[in-house]
Each structure stands twice: as structure tokens, then as C-alpha cells.
Amino acid sequence: MKHRLAASGALISGAAVLAIGCGGGDGTTTQAQTTATSASQGKALEITMDDYTFSPSDATAKAGKVTITAPNHGQVEHELVLAKTNSDPADLPTTSDGEVDEAKLEAKGEDAGEIADVAPQDTKQGTFKLTSGKYVTFCNLPGHYAQGMYGTLTVK
Ligand SMILES: [Cu+2]
């Protein structure tokens, strides 16, 4: 949440500078309309990643287009993989390495996309078309799933 507030603060001051540069109020009006339009195009959800957790670990969202923002507060790289499945998040199919078998999820049509390779202290976003039901979130970097880096996302 802190990151998002900081980002909107930067946007607002950017618009103010733009308005002064143009010498009129038109620039400010355009900026406001753009912000309103993008907000109505989808819903927003923030899931914070840390070493080795998702927070919240039991997220909820409304069906439709949802933009997930995933800041990485940890010391190592993480990712957020989404699977649409009724499986217990602790009980996904795994490979012999103990990683989640993403090919198996894909074969079952449960693969729902991912926000890949988020460096420590970085933030990435992804927009997903969510349908009502149960999803599992997990990080599939080596060893992270085994350390319990998973959670649920319930879509209503
Ligand atoms: Cu991870």
C-alpha cells in the first residue's frame, strides 16, 4: 500500500508540473479523466511477497478483470503463479525436485498465469481475467513452494 501511495503522489506532482508547463488547466483535466477511466477498467488487488510468504495468504477478489500488484519485500527474488484449482494449496502436484509441476497444472487447464521474476524490493503487476471459484497462489522458484510460499485466492 505504501508503494501505491508513493506512486500516485508522483503522478499528481507530475501532472502539476505538466499543467504549469502548458500554461493552462487543460493538462490537469486530461490527466484526471485518464485516471478515472483506468480505474473503471478493472479491480485492483495487492498481494505482498516476502521470504517465503504471500500476504494476505487468503486473498479474495470479485470476478472479472483484476490487476494484481505484487511488491517483493523479501531479500530474494519471488514470483506469483496463479492456478485455478480446488486443490489444497499445500498439496499441488510436484516434480521430483519438490517444485510445483506447472506442466501438469497446464495439462489440466488449471494454469491461470503468473507475475514472474520480481526482484527484491521491486514491484510488478499482472492483469488476470478471474472467474468465480478457487485459485491457489504459489512461488515456484527453487525451494520456495517447499518452504510454504503459497496461498489461496477466492473469487466470487
Ligand atoms: Cu519465492
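Computed from a predicted structure; not experimentally measured.

A. Spatial organisation of the overall build of the protein. For the protein, the count of helices and strands is three helices and 10 strands. Starting at the N terminus, the α and β elements of the protein follow one another as α-α-β-β-β-β-β-β-α-β-β-β-β. Taken across its 156 residues, the protein has 22% of its residues classed as buried. Contacts in the protein between residues at least 24 apart in sequence constitute 67% of all its contacts with a sequence separation of at least 6.

B. Up close: the sheet that holds strand E1 (residues 43-46). The three strands are arranged E1-E5-E8 in an open sheet whose pairing can be described as mixed. Looking along the sheet, the strands with just one partner apiece sit at the ends: E1 and strand E8 (123-130). In this sheet, adjacent strand axes meet at a mean angle of 25 degrees when their direction is disregarded. By the bridge criterion, eight bridges tie strand E5 (residues 64-71) to E8 in an arrangement that is antiparallel. Following the sheet pairing, Thr67 is matched in E8 by Thr127.

C. Fine view of the environment of Glu79. Tracing the chain through its elements places Glu79 in strand E6 (residues 78-84). Using a count of 19 C-beta atoms within 10 Å as the deciding quantity, one classes Glu79 as partly exposed. Glu79 sits 37 residues away from Ala116 along the chain, and the two C-alpha atoms are 4.8 Å apart. Setting aside residues no more than four positions away along its own chain, Glu79 makes contact with Glu114, Ile115, Ala116, Asp117, Val118, Cys139, Asn140 and Leu141.

D. Main features of the sheet that holds strand E4 (residues 58-61). Pairing is mixed in the open sheet, where five strands are placed in the order E4-E10-E9-E6-E7. A strand with exactly one partner marks an edge of an open sheet, and here the two such strands are E4 and strand E7 (111-118). Adjacent strand axes in the sheet meet at a mean angle of 20 degrees when their direction is disregarded. Relative to E7, E6 runs antiparallel, the two being bridged by four bridges. Counterpart to Leu80 in the pairing with E7 is Ile115.

E. Summary view of the nonpolar core. Among the nonpolar cores identified, the biggest contains 24 residues, and Ala70, Leu80, Leu82, Phe138 and Cys139 are the most heavily contacted of them. Among the secondary structure elements, those contributing two or more residues to this core are E5, E6, E7, E8, strand E9 (133-138) and strand E10 (150-155). If one sorts the elements of this core by residue count, E6 sits on top with four residues. With residues near it in sequence (within four places) discarded, Leu82 still touches Ala112, Gly113, Glu114, Phe128, Tyr135, Thr137 and Leu153.

F. Expanded view of unusual backbone geometry. Tyr52 follows Asp51 through a cis peptide bond whose omega is 10 degrees. You can see Tyr52 is positioned in the loop between strand E2 (48-50) and strand E3 (53-55). Non-glycine residue Asp117 carries a positive phi angle of around 50 degrees. Inspection of the secondary structure assignment puts Asp117 in strand E7. For Asp117, a count of 12 C-beta atoms within 10 Å corresponds to the exposed category. Positive phi, normally seen in glycine, also occurs at Gln121, with a value near 70 degrees. With respect to the secondary-structure elements, Gln121 resides in the loop between E7 and E8.

Conventions used here
- Residues numbered from 1 in each chain as written.
- Predicted model: local features only at pLDDT ≥ 70, side-chain atom pairs only at ≥ 80, totals over all residues.
- Helix = DSSP H or I, 4+ residues; strand = E, 2+ residues; numbered from the N terminus.
- Buried ≥ 20, exposed ≤ 12 C-beta atoms within 10 Å, placed from the backbone.
- Contact = placed C-beta atoms within 7 Å.
- Pairing = 2+ DSSP bridges.
- Axes fitted to C-alpha atoms, helices over the stretch in contact; angles between N-to-C directions.
- Core = buried A, V, L, I, M, F, W, Y, C linked by C-beta atoms within 7 Å.

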